[in-house]
Amino acid sequence: ARWEAKEATEWTFLPNGQMRRRRLDVSVPLSETPEDLKLFIREPEEFSLFELKKQIADLRGKGIDTKEYEVDLQIKFALPLLSPLLVLLGIPFALKHGPSGGMALSFGISLLVGLGYWFLTAFSVSLGHSGAVNPWIAAWVPNLTLALIGFFFSLAED
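Residues numbered from 1 in each chain as written. Predicted model: local features only at pLDDT ≥ 70, side-chain atom pairs only at ≥ 80, totals over all residues. Heavy atoms only, no water.

Quick word on helix 6 (residues 135-155)
Then step 1. Across its 21 residues, helix 6 extends 31 Å between first and last C-alpha, which sits within 8% of the 30 Å expected from 1.5 Å per residue.
Then step 2. Along helix 6, the largest kink reaches about 40 degrees and is centred on Val141; proline Pro142 follows within four residues of it.
Then step 3. Backbone nitrogen of Trp136 and a side-chain oxygen of the N-cap are separated by 2.7 Å at the start of helix 6; the cap is Asn134. (Helix = DSSP H or I, 4+ residues; strand = E, 2+ residues; numbered from the N terminus. Expected span 1.5 Å × (residues − 1). Bend = angle between axes of the 7 residues up to and from the residue. Polar contact = N/O pair within 3.5 Å; in protein donor to acceptor, adjacent residues only side chain to side chain.)

Laid out in structure tokens, this is it:
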């Protein structure tokens, strides 16, 4: 496949600060199609699960780094488990304080845990996007941390 540019303009910046303009008619061999370039307009989190898997396979085939996409794929699996984990975390507080006692304390702890989860998720995803940690670890560490906190409070005694 080749891309053709009719009446293209090439600008050359010279060391003395001058610019030189030249008209071109060129044909460039490119393997990417315009449809391939449209995929780069969308953010990885905008893709469906299947589109994201296809995008990763396509990019790998072209030799492009897919770490960011792999992290976002793992996040698509990890995030839905947040709700059951929050229930696991909330049960010990509901049983310990009952329906009427310690509502302010429970609210404060819930707020602290939610903000902590959000911070840890943002931090680990940024580590995954940069390639500092494995995509699986980047996506699942916040959930595993929340599960451990839930088990700790479930096993803790007064």
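Okay, back to it.
A closer look at the environment of Ser110
Then step 1. By the secondary structure assignment, Ser110 is in helix 5 (residues 103-130).
Then step 2. Its relative accessible area of 48% is what places Ser110 among the partly exposed residues.
Then step 3. In the structure, Ser110 is positioned 21 residues away from Leu89 in sequence and 9.0 Å away in space, judged by C-alpha atoms. (Buried < 20%, exposed > 50% of the residue type's maximum accessible area, 1.4 Å probe, protein only.)

Here we look at the pairing of strand 2 (residues 19-29)
Then step 1. Judged from the 10 bridges that link them, strand 1 (residues 2-13) and strand 2 form a sheet pairing that is antiparallel. By the bridge assignment, Trp11 is partnered in strand 2 with Arg21.
Then step 2. Hairpin connection, strand 1 to strand 2: the antiparallel pair is bridged by five residues, and Gly17 has positive phi, about 95 degrees. (Pairing = 2+ DSSP bridges.)

A closer look at the environment of Ala5
Then step 1. Secondary-structure assignment places Ala5 in strand 1.
Then step 2. On a C-alpha basis, the gap between Ala5 and Val26 in space is 5.3 Å, while along the polypeptide they are 21 residues apart.
Then step 3. Not counting residues within four places of it along the chain, the set of residues in contact with Ala5 comprises Leu24, Asp25 and Val26. (Contact = heavy atoms within 4.5 Å.)

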